[in-house]
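Commentary on secondary and tertiary structure
Read off the chains here:
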Amino acid sequence: MSQASDTEKLRQRNRELSILNVIAQALNREINLAAALSTTLAQVAELFDLRTGWIWLLNEETGAPYLAASHKLPPALANAPTRMEGSCYCLDTYAEGDMDGAANVSVITCTRLKGLVDDTDGLRYHSSVPLYAHGKRLGILNVASADWRELSPDDLRLLYTIGDLLSIAVERARLFARSTRYGASEERNRLAREIHDTLAQGLSAITLQLETADALIEAGADPARARRTVQQALTLTRANLEEARRSVLDLRAALLEGRTLAEALPDLIASLTAGHDLTVHWQVVGADRPLPPRLEAGLYRIAQEAISNVVQHAQAENLTVTLTGTPDRVSLVVDDDGQGFDPTQVPKGRFGLIGLNERAHLLGGTLALSSQPNMGTRIEVTVPMESGG
């Protein structure tokens with residue numbers, strides 16, 4: 001074997017190790033899974049001179065695929081999130097177990113781009129890399145380029161190794177999320193016990209004071225003495241009420257326990273609109289995408305306030321609520337065809353709009369309000385996914 005050939009092989013190995021090192025560092029730096037996946041996609045696209053890429057993950061609970069991350073999707077896909085919903089050829093192939101190893105990493109026609117001409121950036125094909133952990137299916141890494149070239153066996157092997165690194169990062173992030181949820185559940189149980197014990201003791205003390213006052217009145221005792229006993233009961237009542245409020249605030253996220261935001265919102269909408277002559281349209285895109293608990297709780301409260309405003313003030317006939325999740329953001333839209341108003345002249349009783357804006361900002365997002373008299377109202381809250389950690 002010639003020295004030149006050995007030098008070339010060494011150069012190739014150094015390149016591969018350099019790529020793996022960059023990606024491993026990116027994955028280790030990021031605690032947030034979505035950010036780690038996005039960073040890795042950007043690195044893969046740059047290092048392999050590819051145009052775009054995206055990652056499908058399977059929901060742990062349902063097994064349904066969702067778009068977990070993307071890098072420079074063509075406008076035809078980026079501007080139409082519904083086109084990245086549901087199954088496709090590569091996902092079906094993966095589900096059937098036909099992507100078992102590096103040998104099966106292949107270039108296939110993207111069925112999501114089929115029939116599209118405009119805004120595709122010339123993309124037609126992509127290479128699919130299966131993601132597994134201990135034999136369990138996790139998802140697929142797809143990479144694509146407009147002027148597609150056949151990837152060399154070394155490049156395909158390297159892509160598959162990157163897929164292994166991604167799989168480890170996904171499993172690690174999910175384990176961390178599960179431990180965090182377990183810790184939160186334990187804390188909520190602790191608070192529930194604390195509420196029970198505190199309120200039980202407080203109510204017992206209040207009952208004792210009221211019984212004493214009642215006995216004093218029955219016995220014809222000094223009214224001042226009975227009054228002091230009643231005052232003591234009132235003081236205990238106020239203290240217990242304040243404690244209950246504090247504890248309930250700490251437990252506010254428990255309202256979603258066991259359900260995703262997409263699962264909880266239809267029940268919320270139904271409960272708030274019950275008994276009102278209002279036709280409701282509910283839409284969700286990205287229902288299988290897991291959201292950080294902080295975002296779910298915050299968006300639930302925003303939906304609650306916005307829908308309540310429609311029911312109480314809008315005099316609408318139709319209400320549309322839309323939840324859309326993409327790899328980088330989640331948006332909630334509440335749209336009605338009611339009487340509307342001039343946003344520069346907020347009517348009395350509409351202070352809830354201020355609260356909505358504050359809640360959106362606390363989540364790191366923005367609120368867009370659009371309304372005109374007799375033209376309905378549209379509220380859209382958009383929150384970046386990384387703000388929910």
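Scroll up to find the structure.
Residues numbered from 1 in each chain as written. Predicted model: local features only at pLDDT ≥ 70, side-chain atom pairs only at ≥ 80, totals over all residues. Heavy atoms only, no water.

1. Notes on the pattern of salt bridges
What the rule picks out here adds up to five salt bridges. Salt-bridge contacts for E171 lead to K136; the nearest nitrogen and oxygen are separated by 3.5 Å. Of this pair, E171 sits in helix 5 (residues 153-218) while K136 sits in strand 5 (residues 136-144); the two residues are 35 residues apart in sequence, bridging distant segments of the chain. Taking the relative accessible area as the measure of exposure, E171 reaches 14% and is therefore buried. The closest approach of N and O atoms between E380 and R378, which form a salt bridge, is 3.3 Å. (Salt bridge = Lys/Arg side-chain N within 4 Å of Asp/Glu carboxyl O. Helix = DSSP H or I, 4+ residues; strand = E, 2+ residues; numbered from the N terminus. Buried < 20%, exposed > 50% of the residue type's maximum accessible area, 1.4 Å probe, protein only.)

2. Some points on the nonpolar core
Membership of the largest hydrophobic core comes to 33 residues, with the highest contact counts inside it found for L265, L299, V330 and L332. At the level of elements, helix 7 (261-273), helix 8 (293-314), strand 7 (318-325), strand 8 (329-336), helix 9 (352-362) and strand 10 (377-384) are the ones that each hand at least two residues to this core. Ranked by residues supplied to this core, first place goes to helix 8 with nine residues. Dropping the residues within four chain positions of it, L265 is found in contact with W282, Y300, A303, L323 and L332. Counting 30 residues, the second-largest nonpolar core is a separate cluster that includes I23, A36, A69 and V143. (Core = buried A, V, L, I, M, F, W, Y, C linked by side-chain atoms within 4.5 Å. Contact = heavy atoms within 4.5 Å.)

3. Quick notes on the sheet that holds strand 9 (residues 366-371)
Spatially, 6-7-8-10-9 is the arrangement adopted by the five strands of the open sheet, whose pairing is mixed. Bordering the open sheet on either side are strand 6 (279-285) and strand 9, each of which pairs with just one other strand. The sheet shows a mean angle of 10 degrees between the axes of neighbouring strands, direction not considered. Where strand 9 and strand 10 come together, six bridges link them in antiparallel fashion. In the sheet register, L367 faces strand 10, and the bridge partner there is V381. On the sheet, helix 7 packs against strand 6, strand 7 and strand 8 and is oriented at approximately 170 degrees with respect to strand 6. With respect to the sheet, helix 8 is in contact with strand 7, strand 8 and strand 10, its orientation differing from that of strand 8 by roughly 10 degrees. (Pairing = 2+ DSSP bridges. Axes fitted to C-alpha atoms, helices over the stretch in contact; angles between N-to-C directions.)

4. Some remarks on the environment of L67
Looking at the element boundaries, L67 is found in strand 2 (residues 65-71). On the basis of relative accessible area, L67 is assigned to the buried category, the value being 7%. Sequence separation of L67 and G325 is 258 residues, and the distance between their C-alpha atoms is 9.1 Å. Apart from residues no more than four positions distant in its own chain, L67 is found in contact with W54, I55, W56, L73, M84, R289 and P327.

5. Looking at the pairing of strand 2
The two faces of the sheet receive side chains in turn, since in a regular strand these alternate between them. Judged by how many residues are buried, strand 2 sits mostly within the fold: five of seven residues are covered. Taken together, the six bridges between strand 1 (residues 52-58) and strand 2 define a ladder with antiparallel strand orientation. Bridge pairing in strand 2 places G53 opposite H71. In this antiparallel pair of consecutive strands, strand 1 and strand 2, the connection spans six residues, and G63 shows a positive phi of 80 degrees.

6. What about helix 2 (residues 33-47)?
For helix 2, which comprises 15 residues, the first-to-last C-alpha distance of 21 Å matches the rise-based estimate of 21 Å (1.5 Å per residue) to within 8%. Among the residues of helix 2, those classed as buried are L33, A34, A35, A36, L37, T40, L41, Q43, V44 and A45. (Expected span 1.5 Å × (residues − 1).)

7. A few points about the side chain of H71
The residue H71 is located in strand 2 in this model. If near-sequence neighbours (up to four positions away) are discounted, H71 is found in contact with L41, A42, A45, R51, T52 and G53.

8. Structural notes on the pairing of strand 7
Most of strand 7 is tucked away: six of the eight residues are buried. Here seven bridges tie strand 6 to strand 7, and the two strands are oriented parallel to one another. Bridge assignment links H281 to a residue of strand 7, and that residue is T320. Here strand 7 pairs with strand 8 via seven bridges, running antiparallel. Residue pairing in the sheet places G325 in a bridge with V330 of strand 8. Taken together, strand 7 and the strand that follows it, strand 8, pair antiparallel across an intervening segment of three residues.

9. Quick word on the environment of N318
Mapped onto the elements, N318 comes out in strand 7. The class for N318 is partly exposed, based on a relative accessible area of 27%. When near neighbours in sequence (up to four residues on either side) are disregarded, N318 contacts L278, T279, H281, D335, D336 and D337. Side-chain polar atoms of N318 contact the side chain of H281, separated by 3.3 Å. (Polar contact = N/O pair within 3.5 Å; in protein donor to acceptor, adjacent residues only side chain to side chain.)

10. Considerations on the packing of aromatic side chains
Counting across every chain of the model gives one aromatic pair. For the ring pair Y94 and Y132, a centre distance of 5.5 Å and an interplane angle of 55 degrees mean the geometry is tilted. Taken as a pair, Y94 in helix 4 (residues 89-95) and Y132 in strand 4 (residues 125-133) lie far apart in primary sequence, 38 residues in all. Like Y132, Y94 is buried. Lying across the ring of Y94, R137 places its NZ or CZ 6.0 Å from the centre. (Phe/Tyr/Trp six-rings, centres within 6.5 Å; stacked < 30°, edge-to-face > 60°. Lys NZ or Arg CZ within 6 Å of the ring centre and 35° of its normal.)

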